[in-house]
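Descriptive structure summary
Spelled out, the chains give:
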Amino acid sequence: MGGGVVVLMGMVLMMPLLVSGGGHDYGKALSKSFLFFEAQRSGVLPSTQRINWRSNSGLHDGKASGVDLVGGYYDAGDNVKFGLPMAFTITMMSWGILEYGKQMAESGELGHALDAVKWGTDYFIKAHPQPYVFYGEVGDGNTDHYCWQRPEDMTTDRHAYRIDPQHPGSDLAAETAAAMAAASMVFRRHNPAYSAELINHAYQLFDFADKYRGKYDSSITVAQKYYRSYSGYADELLWSAAWLYQATNNEYYLDYMGRNGDSMGGTGWAMTEFGWDVKYAGAQVLASKFLMQGKAGRHAAVLERYQQKADSFMCSCLGKSTRNVRRTPGGLLFRQRWNNMQFVSSASFLLTVYSDYLSSSRHRVVRCASGYASPSELLNFAKSQVDYILGDNPRATSYMVGYGSTYPQQVHHRASSIVSIKVNPSFVSCRGGYDTWYNRKASDPNLLEGALVGGPDAYDNFADERDNYEQTEPATYNNAPILGILARLSGGSRGFNQLLPVVLPNPTAPMVNNTGMRSSPRIEPSLPAPVKKTFSPIIVEQKATSSWSYKSRTYHRYSVTVTNDSGKTVTDLSLSLAKLYGPIWGLSKSGESYGFPRWLKSLPAGESLEFVYIHAASPIDVGVSGYKLV
């Protein structure tokens, strides 16, 4: 288990994004990465489980506290469910899907991606039984690390630890709110009811985090040795607000980022890490995206200061800043000897998405302290980090288990290092696991396929030994950020616009229900007053359907679908369209608002209408300003 994050500085010269061809099969690495998350599952495993050496575990989690906490993910090579890194894992997994879900679908992995997210969010719903209560840990590292047992054999303490108004945890609650908000966007098209449930929980958790402030490890003290929140909670509050704004377009959260950017460090901290603890760089990149999308509103000046720090992060990664991230002789970003790979994958993801944001904006030029950096330079550097992970390094070793011809064989991981309970059901005792399996100088009996281990030291050295936990232990938050990068690289250099609204394709395989992971009844929201206006039975989705160039300008045709998601008929629909600069078809205008076309008087339950417009600018902002249900 470990910690980390990466923040830097930068400026970028616009150039075409080209990813040079290489010898790696990024699609195969992506597929294997999803398998790792199946190996980390706790709870009742579904019939579709592909890692068949695992079985059900943690089936009484939460029972002593009167709550069902069966499910979720084990964080690394142990059997504890730590809330903060789990939430960050789901946030980053969702972000990767939102940016590169199309490429995941083309690789046949989108269904697995949605399942992986839902395994986490189903658990978070259970862990949030009341607006101001969240269960942030099951088990504790001290008793768990005393034993070396399969999850299926656990005899360790499974106490459930919670935060509440008397024992606050703003960082934990805010990160979970970010995860739920990001995931709500992932499921918006495929499961709108579930998406609404997730955003409900996100609203409540953000309100909880902001209203009752405090560090979660001051309340859940058993987490301090393993996942101490060194950065505090201000970064999570800004990061969470950014995700809620992206998910809802509710300006309450944009105002939050604008009002608190300076005082909470969003505009002041130029970090050199990004990960489960420090979220500043992620919030700065999202703020930059809003700015490039034209969604900054009256907070543009503040968001520009966020963007300066996002630039700083990029330049530091590239070695073009006055304060650069260290690299190994082989070229790998290096921050710390214990699970350094978490910082590599997280930083590489930010480099990748920022590169695509800049390229999509078509007007950004970023200047570093020592020269310029183009979007293609950012992407190619991220690619170099992924290539190093997959085997292009001085040891010619892949640090993803099961990928390539040479990869770690003695992973610091209880379940993979002990014979499967399906092969030998004999009970493995707490200390007996150390004697029989931990000290065994042989390859793991179970292949932990797709796991990204901690990786080499500052000089590219690596010892493939089970007791070398600093280098051979994997973690979910190592793998989550790399999913999006692998999908991006597997998709090649075809043009796409990362500043357009997210529209995920249909997965090639149907999503499955997570057996034993039933969602709790929907909780009515307890929200800040400005938030309540976002609940609407009207769902608005828009996408670019074509583009062309004329007299040195690029024009886009946008299609907007308005769906009645209620059980009644909608009449007197009134829409507000902001930043519309071109012609529009399919709506009638009345004063400053737009309504049904003249030939349409109402919209029955479940039905949709479409209108289109042409723009040489970013997408317009569509708001629902009025309607009646009859």
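Everything discussed here concerns the structure shown above.
Okay, so let's go over this structure. (Residues numbered from 1 in each chain as written. Predicted model: local features only at pLDDT ≥ 70, side-chain atom pairs only at ≥ 80, totals over all residues. Heavy atoms only, no water.)

Moving on: the pairing of strand 13 (residues 608-615). As judged from the eight bridges shared by strand 7 (residues 553-564) and strand 13, these two strands associate in the antiparallel manner. For Val560, the partnering residue across the bridge sits in strand 13 and is Phe611. For strand 9 (residues 584-585) and strand 13, the ladder comprises two bridges, and the chain directions are antiparallel. Looking at strand 13, one finds that Ile584 is bridged to Tyr613. (Pairing = 2+ DSSP bridges. Helix = DSSP H or I, 4+ residues; strand = E, 2+ residues; numbered from the N terminus.)

Next up on the list: unusual backbone geometry. A positive phi angle, close to 45°, is found at Asn339, a residue other than glycine. Along the chain, the position of Asn339 falls in the loop between helix 12 (300-318) and helix 13 (341-361). According to the relative accessible area criterion, Asn339 is buried, its value standing at 3%. Unusually for a residue other than glycine, Asp460 sits at a positive phi of about 70°. (Buried < 20%, exposed > 50% of the residue type's maximum accessible area, 1.4 Å probe, protein only.)

The next subject is the state of the cysteines. For the structure on display, the rule yields two disulfides. The partner cysteine of Cys147 in its disulfide is Cys430, sulfur to sulfur 1.9 Å. Taking the torsion about the S-S bond as the criterion, the Cys147 to Cys430 disulfide, at about -85°, is left-handed. You can see Cys147 sitting in the loop between helix 4 (141-146) and strand 3 (160-163) and its partner Cys430 sitting in the loop between helix 15 (414-417) and helix 16 (432-438), a full 283 residues away along the chain. The side chain of Cys315 participates in a disulfide bridge whose partner is Cys368; the two sulfur atoms lie 1.9 Å from each other. On the S-S bond that ties Cys315 to Cys368, the torsion sits near -80°, and the link is left-handed. In this pair, Cys315 is assigned in helix 12 and Cys368 in strand 4 (residues 367-368), connecting sequence segments 53 residues apart. Across the pair, Cys368 and Cys315 agree in class, each one buried. No disulfide involves Cys317; its sulfur sits 9.5 Å from the nearest other cysteine sulfur, which is in Cys315. Judged by its relative accessible area of 0%, Cys317 is buried. (Disulfide = S-S within 2.5 Å.)

The next point concerns the side chain of Ser559. Within the secondary structure, Ser559 is located in strand 7. What makes Ser559 buried here is its relative accessible area of 4%. Side-chain polar atoms of Ser559 contact the side chain of Glu610, separated by 2.4 Å. What Ser559 contacts, discounting residues up to four positions off in sequence, is Glu541, Gln542, Lys543, Thr545, Glu610, Phe611 and Val612. (Polar contact = N/O pair within 3.5 Å; in protein donor to acceptor, adjacent residues only side chain to side chain. Contact = heavy atoms within 4.5 Å.)

In terms of nonpolar packing, the biggest core is built from 159 residues, with Trp95 and Trp243 touching the most fellow members. Residue contributions to this core peak at 13 residues, all from helix 2 (residues 83-106). Filtering out sequence-adjacent residues up to four positions away, Trp95 remains in contact with Trp239, Trp243, Gly282, Val285, Leu286, Phe349, Leu350, Val353 and Tyr357. Among the nonpolar cores identified, the runner-up in size contains 18 residues, and Leu500, Leu573, Tyr594 and Phe596 belong to it. (Core = buried A, V, L, I, M, F, W, Y, C linked by side-chain atoms within 4.5 Å.)

Attention now moves to the packing of aromatic side chains. Summed over the entire model, instances satisfying the criterion amount to 30 aromatic pairs. Judged by centre distance (5.2 Å) and plane angle (85°), the rings of Phe187 and Tyr194 are edge-to-face. With centroids separated by 5.0 Å and ring planes inclined at 75°, the aromatic side chains of Tyr399 and Phe462 adopt a geometry described as edge-to-face. Taken together, the positions of Tyr399 in the loop between helix 14 (375-389) and helix 15 and Phe462 in the loop between helix 16 and helix 17 (469-472) put the pair 63 residues apart, joining distant regions of the chain. The residues Tyr399 and Phe462 share a single accessibility class, namely buried. Chaining the aromatic ring pairs together yields one cluster made of Phe88, Trp95, Trp239, Trp243, Phe274 and Phe349. Taking the ring centre of Trp119 as reference, the NZ or CZ of Arg41 above it sits at 4.7 Å. Taking NZ or CZ as reference, Arg326 lies 5.9 Å from the ring centre of Tyr459, over its face. (Phe/Tyr/Trp six-rings, centres within 6.5 Å; stacked < 30°, edge-to-face > 60°. Lys NZ or Arg CZ within 6 Å of the ring centre and 35° of its normal.)

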